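Examining the three-dimensional arrangement
Spelled out, the chains give:
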Amino acid sequence: QVRLVESGGGMVQPGGSLRLSCAASGSIFSINVMGWYRQAPGKRREMVARITSGGSTNYADSLKGRFTISRDNAKNTVYLQMNNLKPEDTAAYYCNAFAIFKGSDDVPVPFEYEFWGQGTQVTVSS
């Protein structure tokens, strides 16, 4: 199937920046939408940003202008550039992807499955 591995999280001061990466690997046939979600303790998981294979993007309204999502289709990798970070951005950030993978017979499964990474922690604090 498909595995998603996030990296780039850490501790940063308010106003600082971080760049998250998520690399997809496995028996990938194609990846359509990739995105970033986050979840703070005691809160619901929320969408941060999404990007299609063609480069169309969607952002949470409150984050537009501070966060930028991008991807490298050749590397099956999606990025999230986070600028002017605020304490309320503190959360576990998860990578998400809708992908078609190849089965054991090396034939694409005729359905787009949703995959999630394990998450990377982002902490914004002084």
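All of the points below concern the structure found in this document. Small disclaimer: the values here were computed from a predicted structure and weren't measured. (Residues numbered from 1 in each chain as written. Predicted model: local features only at pLDDT ≥ 70, side-chain atom pairs only at ≥ 80, totals over all residues. Heavy atoms only, no water.)

Things to note about the sheet that holds strand E3 (residues 18-26)
To keep things clear, this is the line we draw: When DSSP finds two or more bridges between two strands, those strands count as paired. Only DSSP runs of H or I with at least four residues qualify as helices, and only runs of E with at least two residues qualify as strands; both kinds are numbered from the N terminus onward. To get an axis, fit a line to the C-alpha atoms, keeping to the stretch in contact for a helix; angles then go from 0 to 180 degrees between the N-to-C directions.
With respect to topology, four strands assemble into an open sheet ordered E1-E3-E8-E7, the strand pairing being antiparallel. Each edge of the open sheet carries a strand with a single partner, namely strand E1 (2-7) and strand E7 (67-72). The mean inter-strand angle of the sheet, taken between neighbouring strand axes irrespective of direction, is 15 degrees. Here six bridges tie E3 to strand E8 (residues 77-82), and the two strands are oriented antiparallel to one another. Each bridged residue has a counterpart across the sheet, and for Ser21 the counterpart in E8 is Tyr79.

Re the side chain of Thr77
To keep it simple, the criterion reads: Throughout this description, buried means an accessible area under 20% of the type-specific maximum (1.4 Å probe, protein chains only), exposed means over 50%, and partly exposed covers the range between. In protein, a polar contact requires one atom able to donate a hydrogen and another able to accept it; more generally it is a pair of N or O atoms within 3.5 Å, and residues adjacent in sequence count only if both atoms are side-chain atoms. Throughout, a contact is declared for two residues whenever any of their heavy atoms are within 4.5 Å.
Within the secondary structure, Thr77 sits in strand E8. For Thr77, a relative accessible area of 8% translates into the label buried. There is a polar contact of 3.0 Å between the side chain of Thr77 and the backbone oxygen of Lys75. In contact with Thr77, other than residues within four places in its own chain, are Cys22, Ala23, Ser70, Arg71 and Asp72.

Some thoughts on the pairing of strand E9 (residues 91-101)
Burial within E9 is extensive, with ten of its eleven residues counted as buried. Note: strand E4 (residues 28-39) against E9, nine bridges, orientation antiparallel. Bridge pairing links Trp36 to Cys95 in E9. The sheet contact formed by E9 and strand E11 (residues 120-124) spans three bridges and is antiparallel. Of the residues in E11, the one forming a bridge with Ala91 is Val122.

Quick notes on the packing of aromatic side chains
Keep this limit in mind: In this analysis, rings of Phe, Tyr and Trp, with Trp reduced to its six-membered ring, are considered paired at centre separations within 6.5 Å, and the interplanar angle assigns stacked below 30 degrees, edge-to-face beyond 60, and tilted for intermediate values. Charges are assigned to positions over rings by a cutoff of 6 Å between ring centre and Lys NZ or Arg CZ, combined with an angular limit of 35 degrees from the ring normal.
Per the counting criterion, the structure on display carries four aromatic pairs. An angle of 80 degrees between the planes, with centres 6.0 Å apart, marks the rings of Phe101 and Phe115 as edge-to-face. One end of the pair, Phe101, is in strand E9; the other, Phe115, is in strand E10 (residues 113-116), and 14 residues separate them in sequence. We note that Phe101, like Phe115, is buried. Here a set of aromatic residues connected by ring pairs shows up, and it is made of Phe101, Phe111, Tyr113 and Phe115. The ring of Tyr94 carries the charged tip of Arg45 above its face, separated from the ring centre by 4.0 Å. Directly above the aromatic system of Trp116 lies the positively charged group of Arg45, at a separation of 4.7 Å from the ring centroid.

Overview of the nonpolar core
Rule in force here: Take the buried residues of types Ala, Val, Leu, Ile, Met, Phe, Trp, Tyr and Cys, join any two whose side-chain atoms come within 4.5 Å, and each joined set is a nonpolar core.
Counting 34 residues, the largest nonpolar core has Trp36, Leu80, Met82 and Tyr93 as its most contacted members. Looking at which element gives the most residues to this core, the answer is E9, with six residues. The residues touching Met82, leaving out its near neighbours within four places in the chain, are Gly16, Ser17, Leu18, Leu20, Arg66, Phe67, Tyr93 and Val122.

A closer look at the environment of Ser21
Note on placement: Ser21 falls in strand E3. Residues Ser21 and Ser70 lie 49 residues apart in sequence; the distance between their C-alpha atoms is 9.7 Å. Residues within four places of Ser21 in sequence aside, it is in contact with Val5, Glu6, Ser7, Trp36, Val78 and Tyr79.

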